[in-house]
2 protein chains.
Amino acid sequence: MMNDSIRSIATIIRELDGILIFPHINMDGDALGSCSALCLALRSLGKKAYVMIDQPVPKNLDFLECGCCTDDDSVLDEVNLSLMIDCSGMKRIKGREAAWNRGKLKGCIDHHQKGMTDIRYDFFRTEPMTAATGEIIYNLIKALDVEITLDIANCIFAAITTDTGNFQHSNTTKQSHDICGLFYKIEGFDSKKISALIYDRRSKEALRMESKVLGSLNFYGNGQIAVGVVSQALLEECGCTMDETEGLIQRIMSIDGIEIGVLFKQNPDCVRASIRAKNYANVESVARKFDGGGHVRASGCTFYGTLEEAEQDLVPELSKLLK
Amino acid sequence: MMNDSIRSIATIIRELDGILIFPHINMDGDALGSCSALCLALRSLGKKAYVMIDQPVPKNLDFLECGCCTDDDSVLDEVNLSLMIDCSGMKRIKGREAAWNRGKLKGCIDHHQKGMTDIRYDFFRTEPMTAATGEIIYNLIKALDVEITLDIANCIFAAITTDTGNFQHSNTTKQSHDICGLFYKIEGFDSKKISALIYDRRSKEALRMESKVLGSLNFYGNGQIAVGVVSQALLEECGCTMDETEGLIQRIMSIDGIEIGVLFKQNPDCVRASIRAKNYANVESVARKFDGGGHVRASGCTFYGTLEEAEQDLVPELSKLLK
């Protein structure tokens, strides 16, 4: 599949009305920020557009909703475009297939490695070297000649800052900084305010849960692999929900001598693993073995057995990556 | 005192040789990164220059040393300039007065509010609206026509990213992003590598100490003020040193509903308080009452009694700031 240009995608979108925008399941800052930014831009062009979700917006991202999100499949009489953002493939929009299929045209804008996809897109663009899909959306909004309002800036800033680990991860580029730098020229833009909304609304209970996880890490490979576990029992004990584990994997990665960090999150129906590497390990290669994926130093995959089984399956594969 | 221009300071420095550069006591990333960056730039112009310290470089900042630091007052036969960076006033370079007084000329480059100073500078520049002194040093190095090498970029990136809280604090500006964005054009620049050196070399002991502090916070003002305490006893119990408390105040600030966070650090001879505000409180005004200072949302001051007395003195003053 060829990568379409931003300009050609803008030309297509400019002619369309009735647009549904789809973030991936377990939406994060980049997914929702990108979707809402584009939705706001399309509306400012007088178009009818919505972000289609069927999961609640995570509490720390509630300000990215911007009146854009709906779970009503029939919110639009006519859907001329279904647009997948920050993901590709039906599996990543599970539960919203009916709404997706309403689109007469199908499009995709993403920054993940081009994997297998089961969808025949009318246009498709992925930029694996771009840190955040929010950057691509910024460029698209500029190509659509839409003014970057404060709300759009907030959404794009949230998208970029979360996906670059606050401009620290190796995916960060000059473009990430250039785009966010421009937002400071917008009246009322306050990175601290956005940052506090994303990161600084943790409950005391979540902090207690985090202390417990960090106090009981398992180490492997001469201390080069650290594994943390969030079980359903721990969540109950502390009175937390799983979306309050945001940022916990970064805490694990802050330990001296670690190359690979894993956080197992026990969901009712599966165990999700977040995997990070510090310097050299290609954890994406391992995540792919377990039908997952992501980025070279930040990936994830899902297991369907017990927590213990997931750990026994994953750790030996990760150990092979150690120098 | 007038603010001298970067260009006029560059003109003065270009004519001088034998330069001692002074970071403030309890050097942080901005102080040491700025000093070493300038020292490297001066050496590339063929000048003899050193960063004068009398405290060990914090472990997480060791890579900013760059062969620049010395505690030897007589390292230079002739000192034609003593230059204070990221601070002003003799109190901030306590213990290095003799070395400072060797300079025939005295200069200061800072980004803190212009306070009282007991020094008659030959040139002086402070930019309170600039997020990091590293940005001013970057502009000075450019004015000196020195190429930004990888080592200089690493120093400046460390200075800016630490002082802006990874581009999240409200002091961040377009310039902070613009300068760091340019570094990605330098062969070998890797923000992740620098970031991992600064933030991701914490000992397991430090993580345990942190858990204990966060598990025993005191709350005041209907939960709007959170106070953490690192006593000498706790450090001994966990086997840590005080410089391993870096980042702990940000953890306190991440709690929902907090406006002001305080971390008391019990040193052998005094109690240091780090004070942060989330949205509106001017904590600098309170820090000044206790002979401290800093920035509007990030300040510090020192107490000379017990931990309990420090808390009893400081908290009522901070409470007055709450809405």
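Residues numbered from 1 in each chain as written. Chains lettered and ligands numbered in written order. Predicted model: local features only at pLDDT ≥ 70, side-chain atom pairs only at ≥ 80, totals over all residues. Heavy atoms only, no water.

A.B. asks: Would you take a moment to explain the overall build of chain A for this structure?
C.D. replies: When you go through chain A residue by residue, the secondary structure sums to twelve helices and twelve strands. Expected size for 323 residues packed as a compact globule is a radius of gyration near 20 Å; at 20 Å, chain A falls within 12% of this value. The principal-axis extents of the C-alpha atoms in chain A amount to approximately 60 × 40 × 35 Å. A buried classification covers 57% of the 323 residues belonging to chain A. The contacts of chain A with a sequence gap of at least 6 include a subset with a gap of at least 24, amounting to 66%. Within chain A, one finds 36 positive and 45 negative side-chain charges whose respective centroids are separated by 4 Å. (Helix = DSSP H or I, 4+ residues; strand = E, 2+ residues; numbered from the N terminus. Rg over C-alpha atoms; globule rule 2.2 N^0.38 Å. Buried < 20%, exposed > 50% of the residue type's maximum accessible area, 1.4 Å probe, protein only. Contact = heavy atoms within 4.5 Å. Lys, Arg positive; Asp, Glu negative; His and termini not counted. Charge placed at Lys NZ, Arg CZ, Asp CG, Glu CD.)

A.B. asks: Just checking my understanding: could you explain the pairing of strand β5 (residues 105-110) of chain A for this structure?
C.D. replies: The side chains of a regular strand alternate between the sheet's two faces. All names here are of chain A. In terms of burial, β5 is largely enclosed, as five of its six residues are buried. For strand β4 (residues 81-85) and β5, the ladder comprises five bridges, and the chain directions are parallel. Each residue of the ladder has a partner; that of leucine 83, found in β5, is glycine 107. (Pairing = 2+ DSSP bridges.)

A.B. asks: Please explain the domain arrangement of chain A as it appears in this structure.
C.D. replies: One widely used convention gives an interface's size as the accessible area the parts lose upon coming together. Residue and element names in this part refer to chain A. If you check the domain split of chain A, you get domain 1 (6-199) and domain 2 (204-319). Taking the mean C-alpha position of each, domain 1 and domain 2 sit 27 Å from one another. Listed as interface residues are nine residues of domain 1 and, on the opposing side, nine residues of domain 2. Where domain 1 abuts domain 2, roughly 640 Å² becomes buried across the two surfaces, and 42% of that area is made up of carbon and sulfur atoms. If you look at where domain 1 meets domain 2, you find one salt bridge. A salt bridge links lysine 91 to aspartate 291; its shortest N-O distance comes to 3.9 Å. In this structure, the connection of domain 1 to domain 2 is made through one residue pair in polar contact (both at pLDDT 80 or more). (Domains from an automatic or database assignment. Buried area = accessible area lost by both parts, 1.4 Å probe. Salt bridge = Lys/Arg side-chain N within 4 Å of Asp/Glu carboxyl O. Polar contact = N/O pair within 3.5 Å; in protein donor to acceptor, adjacent residues only side chain to side chain.)

A.B. asks: Help me understand the relation of the copies chain A and chain B in this model?
C.D. replies: Two chain copies here: they are related by a rotation about an axis and a translation along the same axis. Its rotation angle being 180 degrees, the transformation that places chain A on chain B also includes 0.0 Å of axial translation and leaves an RMSD of 0.0 Å. On the angle and the small slide along the axis, the relation comes out as a two-fold axis. Take the interface residues of chain A: 100% of them recur as interface residues in chain B, which is what a same-surface contact looks like. (Least-squares fit on C-alpha atoms with pLDDT ≥ 70 in both.)

A.B. asks: Please explain the packing of helix α1 (residues 6-14) of chain A against helix α4 (residues 133-143) of chain A as it appears in this structure.
C.D. replies: How two helices pack is summed up by the angle between their axes together with the distance between the axes. All names here are of chain A. One can describe the packing of α1 onto α4 by two numbers: an axis separation of 9 Å at closest approach and a directional angle of 60 degrees. Between α1 and α4, the angle is such that the two are oblique. Like other packed secondary-structure pairs, α1 and α4 cross with a definite hand, here right-handed. Here α1 contributes Ile6, Arg7, Ile9, Ala10, Ile13 and Arg14 to the contact with α4, which in turn contributes Ile136, Asn139, Leu140 and Ala143. (Axes fitted to C-alpha atoms, helices over the stretch in contact; angles between N-to-C directions. Parallel < 35°, antiparallel > 145°, perpendicular 65-115°, else oblique. Left-handed = near helix turned anticlockwise from the far one by under 90°.)

A.B. asks: Mind showing me how you'd approach the interface of chain A and chain B here?
C.D. replies: Every contact between the two is made by 40 residues of chain A and, on the other side, 40 residues of chain B. At the boundary of chain A with chain B, total buried surface from both sides reaches about 3600 Å², with 56% on carbon and sulfur atoms. If you sort the residues of chain A by the area they bury against chain B, Gln168, His177 and Lys192 of chain A come out on top, with a joint share of 19%. On the surface where chain A and chain B come into contact, there are four salt bridges. A salt bridge links aspartate 256 of chain B to lysine 59 of chain A; the nearest nitrogen and oxygen atoms lie 3.6 Å apart. Linking chain A with chain B are 27 residue pairs in polar contact (both at pLDDT 80 or more). At the level of secondary structure, the elements contributing two or more residues to the side of chain A that touches chain B comprise α5 (150-163), α6 (174-183), α7 (191-199), α8 (204-214) and α10 (248-253) of chain A. Element by element, the count of residues in the side of chain A that touches chain B is highest for α6 of chain A, at six residues. Within the side of chain A that touches chain B, the residues separate by chemical class into 13 nonpolar, 13 polar and 14 charged. (Nonpolar A, V, L, I, M, F, W, Y, C, P; charged D, E, K, R; others polar.)

A.B. asks: Even after reading the chapter, I still don't get the nonpolar core, so can you show me in this structure?
C.D. replies: When a protein is soluble and globular, its nonpolar side chains tend to lie buried together. Formed by 112 residues in total, the largest nonpolar core has its most connected members in Ile13, Leu38 and Phe183 of chain A together with Ile13, Leu38 and Phe183 of chain B. Not counting chain neighbours up to four residues away, the residues in contact with phenylalanine 183 of chain A comprise Tyr138, Ile148, Ala153, Ile156, Phe157 and Phe189 of chain A. Ala277, Ala281, Leu307 and Leu318 of chain B belong to the second-largest nonpolar core, a separate cluster that totals 22 residues. (Core = buried A, V, L, I, M, F, W, Y, C linked by side-chain atoms within 4.5 Å.)

A.B. asks: Could you clarify how one ought to interpret the packing of aromatic side chains in this entry?
C.D. replies: When we look at a pair of aromatic rings, we describe it by the centre distance and by the angle of the planes. Using the criterion set out here, one finds 21 aromatic pairs over all chains in the structure. Between phenylalanine 22 of chain A and tryptophan 100 of chain A, the aromatic rings sit 5.3 Å apart at their centres with planes inclined by 80 degrees, giving edge-to-face as the arrangement. Here phenylalanine 22 of chain A is found in strand β1 (residues 19-22), whereas its partner tryptophan 100 of chain A is found in helix α3 (residues 97-101), with 78 residues between them in sequence. For the pair phenylalanine 22 of chain A and tryptophan 100 of chain A, one class covers both residues: buried. Between phenylalanine 167 of chain A and phenylalanine 167 of chain B the ring centres are 5.4 Å apart and the planes differ by 65 degrees, which places this aromatic pair in the edge-to-face class. Here phenylalanine 167 of chain A is found in the loop between α5 and α6, whereas its partner phenylalanine 167 of chain B is found in the loop between α5 (150-163) and α6 (174-183) on a different chain. Assigned by exposure class, phenylalanine 167 of chain A and phenylalanine 167 of chain B land together as buried. Among the aromatic residues, ring-to-ring pairing joins Tyr138, Phe157, Phe167, Phe183, Tyr184 and Phe189 of chain A together with Tyr138, Phe157, Phe167, Phe183, Tyr184 and Phe189 of chain B into one connected group. (Phe/Tyr/Trp six-rings, centres within 6.5 Å; stacked < 30°, edge-to-face > 60°.)

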